[in-house]
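Here's the letter readout for the chains.
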Amino acid sequence: LRTNIVDVFDAIALDNAYPADHFSDDSWNQMVLKCLFIDRPLHRIVRFDERVNESLAAALSNLSHERWAAGRPVSPELWRGCVGCLDDQIVADLERVADSENSAQRQAFALVAAEDKSGRLDHLADRATEYRESIEQGLLTWKSLGESLG
């Protein structure tokens, strides 16, 4: 995964079960972060949702802060790595995402909110209503969002 050759990186990280089956959490987390750094699609990582962890979610939150501070975009797919790991900082991040002018960001928020079992996003439920029906019908998923991003 240290390669700078995108095709080689993609062969390992995308559409391949090997990382999900064999990588430690640290290696997994580094792979996900590198995907974001080099603009690779997270929706193509096999069993992504099974490998989400608190350390990854914290790293993704930190990455979003770095990118926002630099005036750079944050991939809407990043928020998928925070599902089930909502702490105060990530909830505050998601408040910002929910209020974004970017529809892909709001869709990502709606997907996180739809999967939230903790109740930590209940106070923001009204901000996800525009996409609720699409999510319930299976029209808006992490895969469809990722594919729409190019």
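A brief report on the enclosed structure follows. Predicted model only: the values in this text are computed from it and were never measured. (Residues numbered from 1 in each chain as written. Predicted model: local features only at pLDDT ≥ 70, side-chain atom pairs only at ≥ 80, totals over all residues. Heavy atoms only, no water.)

Here's the deal with the pattern of salt bridges
The final tally for this structure, using the stated rule, is 10 salt bridges. The partner of R44 in a salt bridge is D15, with the nearest N and O atoms 2.5 Å apart. Of this pair, R44 sits in the loop between α3 (25-37) and α4 (54-69) while D15 is found in the loop between α1 (6-13) and α2 (18-22), placing the two residues 29 residues apart along the sequence. A salt bridge links D88 to R120; its shortest N-O distance comes to 2.2 Å. On the criterion of sequence distance, the pair formed by D88 in helix α5 (residues 88-98) and R120 in the loop between α6 (103-115) and α7 (129-136) is long-range, its members being 32 residues apart. Since its relative accessible area comes to 58%, D88 is described here as exposed. (Salt bridge = Lys/Arg side-chain N within 4 Å of Asp/Glu carboxyl O. Helix = DSSP H or I, 4+ residues; strand = E, 2+ residues; numbered from the N terminus. Buried < 20%, exposed > 50% of the residue type's maximum accessible area, 1.4 Å probe, protein only.)

Description of the environment of D88
Separated by 32 residues in the primary sequence, D88 and R120 place their C-alpha atoms 8.6 Å from one another. Reaching out from D88, the side chain makes a polar contact with the side chain of R120 at a distance of 2.2 Å. (Polar contact = N/O pair within 3.5 Å; in protein donor to acceptor, adjacent residues only side chain to side chain.)

Structural notes on the environment of T3
One can find T3 in the segment before α1. Those residues in contact with T3, other than ones at most four positions away along the chain, are V8, F9 and K34. A distance of 2.9 Å separates the side chain of T3 from the backbone nitrogen of I5, its partner in a polar contact. (Contact = heavy atoms within 4.5 Å.)

Some details on the side chain of K34
With respect to the secondary-structure elements, K34 resides in helix α3. No salt bridge forms around the buried K34; measuring N to O, its nearest opposite-charge neighbour D10 is 9.5 Å away. Discounting chain neighbours no more than four positions away, the residues touching K34 are L1, R2, T3, N4 and F9. (Lys, Arg positive; Asp, Glu negative; His and termini not counted.)

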